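Chain and residue survey
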Amino acid sequence: MSLRRDQDSPLQLVVITGRSGSGKSTALNALEDEGFNCIDNLPVRLLGELVDDALGGAEERLAVCIDARNPAADLDRFEEVARSLRHPQIDRRIVYLDAASPTLVKRFSETRRRHPLTDADTTLREAIDQERAVLAPLEDLADLTIDTTSLSLQELVRAVKTRVAREEDALLVLFTSFAYRSGVPVDADFVFDARCLPNPHYHDDLRDLTGLDHAVMEYLSEQPEVGALYTDICAFLESWIPRFEANHRRYLTVAVGCTGGRHRSVYVADRLAAHFRDSRLTVLLRHQELDDDSGDRGTTP
């Protein structure tokens, strides 16, 4: 690659990848809305040449989708190509989208699309599981993983625009609450378990409320264990977040879970987000179970 860029700002390059049905097309369209020049199903062997052309011209924002539609031999070269794109003239980000396998099966069944790895001897579920192994090298290189299992179309678009399309270099920390009965978010970097805390669910006047309601907040704030867990998590993150920043990390997801994902985890995640908003970090907050109750979930991101 021959770097020829004279502009003050580096080329903003986003590589979208992930399993089929996880929302890659939606993510690419969201980036196009943000001013990126977007190319779907790019062969790995052409990525270096494409970036070289962009560096020699006036291109500022480029996004490409590379996935299992590439030949296996080309995917084997992805790590080599991706590492060649680490340069001050290139702001390179690899974003891996994924969802739970049953969710991907449901999405394909609803849309009746053909999975790229299915054939006469391979069922849809087998193809979806095989694709994880095929894309494992790309997943390992990802700067950001987004779990789209419970995201609607609108939520995925918002996540891409706020977490991927942004230009600032400050570390972005997403605090998310979740329900263990629904599974741990696949994109979580740190997971904290709040199931050991007193449960408002067992109080009739609190059961139908959430961790954002005043009565639940007041109840939990009075429990010594809750304050102790919150303090310990704050101290842990304050100690380790600078290590991630020193390693030039741009994204960090902190997940707090409880049984139902509506009371304890919501309260703790909300307090953590409020605490770290007062710092130099860029902070986002999501309550997975509460967001899932907000309306029509849509079908395929």
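Model, not experiment: these values are computed from the prediction. The numbers attached to residues start from 1 for each chain and follow its sequence in the written order. Where totals are concerned, whole chains, interfaces and linings use all residues; where local detail is concerned, this predicted model gives features only for residues with pLDDT of at least 70, and gives and counts side-chain atom pairs only at 80 or more. Excluded from the side-chain calculations are hydrogens and water; all other atoms, namely the structure's heavy atoms, are used.

Scanning the protein from terminus to terminus reveals 12 helices and 9 strands. Seen along its three principal axes, the alpha-carbon backbone of the protein occupies a region of about 65 × 50 × 30 Å. Counting all 301 residues of the protein, 49% fall into the buried class. Considering only intrachain contacts with a sequence separation of at least 6, the fraction spanning at least 24 residues in the protein is 79%. Secondary structure is summarised from DSSP: a helix means a run of H or I of at least four residues, a strand means a run of E of at least two, and numbering begins at the N terminus for each. Exposed residues in this analysis have more than 50% of their type's maximum accessible area, buried residues have under 20%, and partly exposed residues fall in between, with area computed by a 1.4 Å probe over protein chains only. Here a residue-residue contact requires only that any non-hydrogen atoms of the pair lie within 4.5 Å.

What follows deals with the sheet that holds strand β4 (residues 90-98). Paired strands, as defined in this entry, are two strands with at least two bridges between them according to DSSP. Taken together, the 5 strands give an open sheet; going across it, the order is β2-β3-β1-β4-β5, and neighbouring strands pair in parallel fashion. Every other strand in the sheet has two partners, leaving β2 (37-39) and β5 (144-147) as the edge strands with one partner each. For this sheet the average axis-to-axis angle between neighbouring strands, irrespective of direction, equals 20°. Both strand β1 (residues 11-18) and strand β3 (residues 61-65) contribute to a ladder of 5 bridges, which runs parallel. Counterpart to leucine 13 in the pairing with β3 is leucine 62. Between N-to-C directions, angles cover 0 to 180 degrees, with each direction set by a line fitted to C-alpha atoms, over the stretch in contact for helices.

Further remarks concern the pairing of β1. Burial runs high along β1: 8 of the 8 residues are buried. Residues of β1 alternate between two faces, with Leu11, Leu13, Val15 and Thr17 on one and Gln12, Val14, Ile16 and Gly18 on the opposite face, all of them buried. Sheet analysis places β1 next to β4, joined by 8 bridges and oriented parallel. Bridge pairing links glutamine 12 to aspartate 91 in β4.

We now examine the packing of helix α5 (residues 101-111) against helix α6 (residues 124-134). α6 packs onto α5 with a crossing angle of 130° between their chain directions and a minimal axis gap of 10 Å. What the angle tells us is that α5 and α6 run oblique. At the point where α5 passes α6, the crossing takes the right-handed sense. On the side of α5, the interface is formed by Ser101, Pro102, Leu104, Val105, Phe108 and Ser109, while α6 contributes Leu124, Arg125, Ile128 and Asp129. In the contact of α5 with α6, the residues fall into 6 nonpolar, 2 polar and 2 charged. Note on terminology: angles under 35 degrees are roughly parallel, angles over 145 are roughly antiparallel, angles of 65 to 115 are roughly perpendicular, and the others are oblique. The sense of a crossing depends on the near helix, which, turned anticlockwise from the far helix by less than a right angle, makes the crossing left-handed and, turned clockwise, makes it right-handed. Ten residues, namely Ala, Val, Leu, Ile, Met, Phe, Trp, Tyr, Cys and Pro, are considered nonpolar, four, namely Asp, Glu, Lys and Arg, are considered charged, and the remaining ones, Gly among them, are considered polar.

The buried count for β3 comes to 5 of 5 residues, which makes it a mostly enclosed element. Of the two faces of β3, both are covered, the one formed by Arg61, Ala63 and Cys65 as well as the one formed by Leu62 and Val64. Here 3 bridges tie β2 to β3, and the two strands are oriented parallel to one another. Its bridge partner being in β3, asparagine 37 is matched across the sheet by leucine 62. Assignment of crossover handedness uses the view with strands pointing away from the viewer, where a clockwise path from the first strand over the helix to the second indicates a right-handed crossover. Running through helix α2 (residues 47-56), the crossover from β2 to the neighbouring parallel element β3 is right-handed.

If you walk across this open sheet you meet the 4 strands as β7-β8-β6-β9, and the pairing is parallel. What marks the edges here is a single partner per strand, and that holds for β7 (190-193) and β9 (282-287). Each adjacent strand pair in this sheet contributes to an overall mean axis angle of 15°, direction not counted. Two elements, strand β6 (residues 172-179) and strand β8 (residues 251-258), share 8 bridges in a ladder whose sense is parallel. Residue pairing in the sheet places phenylalanine 178 in a bridge with glycine 257 of β8. Against the sheet, helix α10 (residues 224-246) engages β6, β7 and β8, with an angle of about 175° to β7. Running at roughly 165° to β9, helix α11 (residues 264-277) makes contact with β6, β8 and β9 of the sheet.

This paragraph deals with the environment of arginine 264. Tracing the chain through its elements places arginine 264 in helix α11. Under the relative-accessibility criterion, arginine 264 is labelled buried at 3%. Sequence-wise, arginine 264 and leucine 212 are 52 residues apart; in three dimensions their C-alpha atoms are separated by 9.8 Å. Setting aside residues no more than four positions away along its own chain, arginine 264 makes contact with Ala194, Arg195, Leu197, Pro198, Asn199, Pro200, Leu220, Cys258 and Thr259. At 3.4 Å, the side chain of arginine 264 and the side chain of threonine 259 are in polar contact. Side-chain atoms alone can form a polar contact between residues adjacent in sequence; in general such a contact is a pair of N or O atoms within 3.5 Å, and within protein one must be able to donate a hydrogen while the other accepts it.

As a further point, take the pattern of salt bridges. Two side chains of opposite charge can pair, provided their charged atoms sit close to one another. Salt bridges are defined as contacts in which a side-chain nitrogen from Lys or Arg sits within 4 Å of a carboxyl oxygen from Asp or Glu. For the coordinates displayed, the defined rule picks out 17 salt bridges. A salt bridge links arginine 207 to aspartate 204, with the nearest nitrogen and oxygen atoms 3.1 Å apart. A single network of salt bridges, built from pairs that share partners, joins Lys24, Asp40, Asp67 and Arg69.

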